Amino acid sequence: MIVLKFGGTSVADASRILAAAEIVRTRLPRQPMVVVSALAGVTDLLLRAAGAACAGERESLDPLLADLERRHRWAVEGSLSGGRARHDLALAVDAQFEELRQLLRSLRVLGEATPRALDAVLAYGEDLSSRIVTAAFQDLGLPARLLDARRVMRTDGRHGAAEPDLSAAETAAHDHLLPLLSAGEVPVVGGFVGSGPDGRTTTLGRGGSDLSASVLGLVLGAEEIQIWTDVDGILSADPRLVPAARTLPRVSFAEAAELAYYGAKVLHPASIAPAVARDIPVRVLNTLKPQAAGTLVEREAGAEAAALASVASRPGVCAVRVLGRRLRVDPGFLPRVLTAFEAAGLVPDLVVSSEVGVTLVVPEGAALEGAVLALPDEFQVEVTGGRGILCIVGSGLRAEAAVRDRVLAALAGTGPEMVALGGAGTSVAAVFPEERLGEAVRRLHRTFFEEVPA
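Note that the structure is predicted; figures quoted are calculated from it, not measured.

Looking now at the packing of aromatic side chains. Per the counting criterion, the structure on display carries two aromatic pairs. Taking 6.2 Å as the distance between ring centres and 25° as the angle between the ring planes, the aromatic pair formed by Phe6 and Trp228 counts as stacked. Here Phe6 is found in strand β1 (residues 2–6), whereas its partner Trp228 is found in strand β7 (residues 224–229), with 222 residues between them in sequence. In terms of burial, Phe6 and Trp228 fall into one category: buried. Taking the centre distance of 5.0 Å and the plane angle of 65° together, the rings of Phe333 and Phe379 count as edge-to-face. Linking Phe333 in helix α11 (residues 333–343) with Phe379 in the loop between α12 (366–374) and β14 (380–393), this pair joins segments that are 46 residues apart in sequence. It is Arg70 that lies over the ring of Trp74; its NZ or CZ is 5.9 Å from the centre.

Right, dumping it as structure tokens:
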């Protein structure tokens, strides 16, 4: 069997839902099951609604609820041809919104949202989308069957970023999913949502719907997991900076992880790690171009893989230089610096150490001020903002010295302020003033992906 996960943009409205149905229809011989995200933007709206309810801001909450209801009603109206099925679906959606209103009233009375309550609010996005998608598929003649994600996605008890319990999920999947697949039905479940040992709703955090697809594919022994989104796959650069960016036919998991960390936003690598670790291929595809091949993510790069995959980039970072007392690094210096940044919730993009100090490249933002204030007074600190980071990624960097030489020589020609080889050996990152980042990305893309190397 295969798992098809449709992201929020792939079920954003009625037309996208109908397009997803046709994709599923063409894959019926492969025994598909479907995982769906909330409609595009709905999770953010639910977060804002919860915040407005806790703050007692009725004038903000009412428009948010009206927007949420309007978008889901439009999806119902446009996805079903009419008659009894559309009437029944509209009633079911109305009932879910009444439950949501009652929950938000409770938050308004309490004036706060516990992690457990917030999970309950956010789960409505996937609950609504999976219900609408299932009804639309059935209306088009597909043998779809709605299954509450809480029955199969078993997790630990942490709210907001629950970890899947693979053993419990495997048992639940064999109990509830395999019978449907064996009967020729197409199970439809919401992603991102699960249940803890006490049966209460949990959510899986960042990349949660991809993680749901990955875990369910793993426990069912899927042939392939398909992540359907609104881009052609993983690209050789940010197309907003490089119009000539092309789709990568295949990348290794290590390459995908580096690209996501340094700016590519197609998928969060941790979310597909369970499947890739078991050698289940993950394919990233475009709902708007269902015939395109997309990008295949595998555990290791094959022999035919290109030495370099992509150049990722991200603005909005700063370089923080920390010097030790007497301009030398004492034992314990680096752990004290890293502890201050960890306490502020900052994960450095780069750490470059020398005998007199250390330079960290971190995201700009309010957390940075807290990290700097937490450093001991005797440390000297210099903060240089307005920087961007780019990263050239490819398995050839680890395997071939000649590839590293070419990349480092090309980077030197762009005038970076800092260069570092990634810990996994599959990337080289560099820091630039933000106004020069785009040109550096375009120049390196031309060198490695648009010109034939000499």
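One non-glycine residue, Phe192, lies in positive phi territory at about 75°. One can find Phe192 in the loop between β4 (186–190) and β5 (193–195). Given a relative accessible area of 10%, Phe192 falls into the buried group. Here Asp279, not a glycine, exhibits a phi torsion of approximately 65°, which is positive.

It is worth spelling out the pairing of β1 at this point. With respect to burial, β1 is a largely interior element, five of its five residues being buried. Where burial is concerned, the two faces of β1 agree: the one with Ile2, Leu4 and Phe6 and the one with Val3 and Lys5 are both buried. Two elements, β1 and β7, share five bridges in a ladder whose sense is parallel. Residue pairing in the sheet places Phe6 in a bridge with Trp228 of β7. Judged from the five bridges that link them, β1 and strand β2 (residues 32–36) form a sheet pairing that is parallel. Looking at β2, one finds that Val3 is bridged to Met33.

Now for the state of the cysteines. Summed over the entire model, instances satisfying the criterion amount to zero disulfides. A disulfide-free cysteine, Cys318 has its sulfur positioned 18 Å from the sulfur of Cys391, the nearest such atom. Residue classification places Cys318 among the buried residues on the basis of a relative accessible area of 1%.

What counts and how
Residues numbered from 1 in each chain as written. Predicted model: local features only at pLDDT ≥ 70, side-chain atom pairs only at ≥ 80, totals over all residues. Heavy atoms only, no water. Phe/Tyr/Trp six-rings, centres within 6.5 Å; stacked < 30°, edge-to-face > 60°. Helix = DSSP H or I, 4+ residues; strand = E, 2+ residues; numbered from the N terminus. Buried < 20%, exposed > 50% of the residue type's maximum accessible area, 1.4 Å probe, protein only. Lys NZ or Arg CZ within 6 Å of the ring centre and 35° of its normal. Pairing = 2+ DSSP bridges. Disulfide = S-S within 2.5 Å.

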